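Spelled out, the chains give:
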Amino acid sequence: MKVNPTNERDYLLLGVMGDPIGHSKSPAMHNAAINALGLSGAYVPLHIRPQGLGDAIQAVKALGFRGVNVTIPHKVEVMKHLDVVDEGAQRIGAVNTIVNDNGKLTGYNTDGIGYVRSLKDEACPDLKGKRIVVIGAGGAARGIIYALLGEGPDKISIVNRTSAKALALAEEWSSLADLRGYGEERAGEALSDADVIINTTSVGMFPQVSELPIPPESIREGIVVSDLIYNPLKTELLRQGELRRCTVHGGLGMFINQGAYAFEYWTGLTAPVQAMKEAVLTSFR
Ligand code: ATR
């Protein structure tokens with residue numbers, strides 16, 4: 001069965017749990033997907049506080065939701081309420097998508113794979129043999145690095161303000177690839193032969209739009225510079241990359257594609273990515 005609603009009326013019930021949740025663009029994006037495919041259903045924002053998370057997950061089953069996204073601050077905590085956690089999500093240590101198969105809840109993480117799909121589509125079709133520098137060593141970096149490992153890069157260097165976290169993450173996955181950790185004071189060294197730079201920190205996000213996560217003079221000419229931030233659509237890091245004739249890639253595509261993977265897990269249908277993107281861009285205006 002392609003679309004697999006869990007309630008009797010073939011109504012595809014989806015949502016997103018977070019705290020806060022009012023700012024989320026996921027409802028606009030997924031409702032656009034539901035409409036574009038002519039499905040009967042809805043994707044609703046669910047304001048769930050941390051103390052209510054367990055009950056909310058039980059309600060997914062009771063109310064017949066086909067699935068939900070989970071966002072800040074629930075991505076780690078939600079794992080203990082699920083029946084199955086996919087291997088990638090386990091390794092990353094966070095879940096952003098839950099699928100309800102007639103009461104059996106499975107957790108996935110589509111952030112990293114969504115990011116990599118977008119990076120390949122929009123900026124760097126082949127990541128094989130590339131020297132990649134990831135700025136940041138938190139949850140977002142974990143998802144992205146895990147997904148990048150499947151692309152056969154030459155090496156991945158992790159640069160972080162707190163060097164111990166970069167070193168620990170490089171060590172944790174050292175059996176999977178050539179991974180190296182650096183403190184931010186050694187950013188220049190890590191960046192000296194980079195082909196792709198990826199910022200996973202919040203440095204440069206609205207309203208601190210003039211901030212940079214690395215010294216701009218350490219960006220090599222003509223490489224790929226990518227930022228997970230999508231507000232603003234073009235961060236100061238990307239602007240600095242453009243000045244050095246780099247191919248730049250913003251965070252909007254990651255957001256769309258993590259949603260596209262989630263939609264595909266819930267429905268078995270190819271996500272209408274263009275309609276989803278238009279809905280998100282409209283919600284910015
Ligand atoms: P996320 O899930 O968005 O990755 P996180 O797990 O809290 O959130 O991780 C945030 C990352 O951004 C960390 O790598 C953090 O660096 P520290 O480990 O040193 O805290 C980084 N970060 C956040 N604010 C930063 C800032 N102002 N300057 C440099 N790095 C920053």
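None of these values were measured; they are calculated from a predicted model.

Enquirer: Sorry, what's going on with the packing of helix 9 (residues 252–267) against helix 10 (residues 273–284) here?
Expert: Angle between the axes and distance between the axes are the two parameters that describe a pair of packed helices. Two elements in contact, helix 9 and helix 10, have axes whose closest approach is 10 Å; the angle formed by their N-to-C orientations is 130 degrees. It follows that helix 9 is oblique to helix 10 by the angle criterion. Of the two elements, helix 9 crosses helix 10, and the hand of that crossing is right-handed. Counting all contacts with helix 9, which are made through Leu252, Phe255, Ile256, Gly259 and Ala260, the residues of helix 10 involved are Val273, Met276, Lys277 and Val280. Looking at the contact of helix 9 with helix 10 residue by residue, the class counts come to seven nonpolar, one polar and one charged.

Enquirer: For this particular structure, what's the right way to read the domain arrangement of the protein chain?
Expert: Taken domain by domain, the protein chain comprises domain 1 (12–109 + 254–284) and domain 2 (112–250). Taking only C-alpha atoms, the centre of domain 1 and the centre of domain 2 are 26 Å apart. Each partner contributes to the interface: domain 1 provides 13 residues, whereas domain 2 provides 12 residues. Contributions of two or more residues to the side of domain 1 that touches domain 2 are made by helix 3 (87–92) and helix 9. Ranked by residue count, the leading element in the side of domain 1 that touches domain 2 is helix 9, at six residues. Grouping the amino acids of the side of domain 1 that touches domain 2 by side-chain chemistry returns six nonpolar, five polar and two charged.

Enquirer: Just checking my understanding: could you explain the sheet that holds strand 12 (residues 247–249) for this structure?
Expert: Through backbone hydrogen bonds, the strands of a sheet pair up, either in parallel or in antiparallel fashion. In space, the six strands of this open sheet follow the order 9-8-7-10-11-12, with parallel pairing throughout. The sheet terminates laterally at strand 9 (179–183) and strand 12, the two strands that pair on one side only. With strand direction ignored, the average angle separating the axes of adjacent strands in the sheet is 15 degrees. Where strand 10 (residues 196–199) and strand 11 (residues 224–227) come together, four bridges link them in parallel fashion.

Enquirer: Even after reading the chapter, I still don't get the nonpolar core, so can you show me in this structure?
Expert: Inside soluble globular proteins, nonpolar side chains tend to come together where they are buried. Judged by nonpolar contacts, the single largest core of 84 residues is most densely connected at Val133, Val134, Ile144, Ile158, Ile197 and Met276. Among the elements that line this core, the one with the most residues is helix 9, at nine residues. Residues lining this core come from more than one domain, with at least three contributed by each of domain 1 (12–109 + 254–284) and domain 2 (112–250).

Enquirer: How should I be thinking about the environment of Leu176 in this particular structure?
Expert: For Leu176, the location among the structural elements is in the loop between helix 6 (163–172) and strand 9. Sequence separation of Leu176 and Leu149 is 27 residues, and the distance between their C-alpha atoms is 7.2 Å.

Enquirer: Explain the site of the ligand here, please?
Expert: Lining the immediate environment of the ligand, one finds 14 residues, of which Gly138, Gly139, Ala140, Arg161 and Thr162 sit closest. With three residues, the single largest contributor to the shell around the ligand is helix 5 (residues 139–149). By residue class, the composition of the shell around the ligand is four nonpolar, eight polar and two charged.

Enquirer: I tried to follow the sheet that holds strand 1 (residues 12–18) on my own but got confused; where do I start?
Expert: Strand order in the open sheet formed by six strands is 2-1-3-5-6-4, and the pairing between neighbours is mixed. With partners counted over all chains shown, the strands left at the sheet margins are strand 2 (41–47) and strand 4 (84–85), one partner each. Bridge count for strand 3 (residues 67–70) against strand 5 (residues 97–101) is three bridges, and the pairing is antiparallel. Residue Val68 lies in a different strand from strand 5, and its bridge partner there is Ile98. In the packing of helix 1 (residues 26–36) onto the sheet, contacts are made with strand 1, strand 2 and strand 3, and the angle to strand 2 comes to roughly 170 degrees. Those strands touched by helix 2 (residues 53–62) are strand 1, strand 2, strand 3, strand 5 and strand 6 (104–108), and its axis lies near 40 degrees from that of strand 5.

What counts as what
- Residues numbered from 1 in each chain as written.
- Predicted model: local features only at pLDDT ≥ 70, side-chain atom pairs only at ≥ 80, totals over all residues.
- Axes fitted to C-alpha atoms, helices over the stretch in contact; angles between N-to-C directions.
- Helix = DSSP H or I, 4+ residues; strand = E, 2+ residues; numbered from the N terminus.
- Parallel < 35°, antiparallel > 145°, perpendicular 65-115°, else oblique.
- Left-handed = near helix turned anticlockwise from the far one by under 90°.
- Contact = placed C-beta atoms within 7 Å.
- Nonpolar A, V, L, I, M, F, W, Y, C, P; charged D, E, K, R; others polar.
- Domains from an automatic or database assignment.
- Pairing = 2+ DSSP bridges.
- Core = buried A, V, L, I, M, F, W, Y, C linked by C-beta atoms within 7 Å.
- Buried ≥ 20, exposed ≤ 12 C-beta atoms within 10 Å, placed from the backbone.
- Near = placed C-beta within 6 Å.

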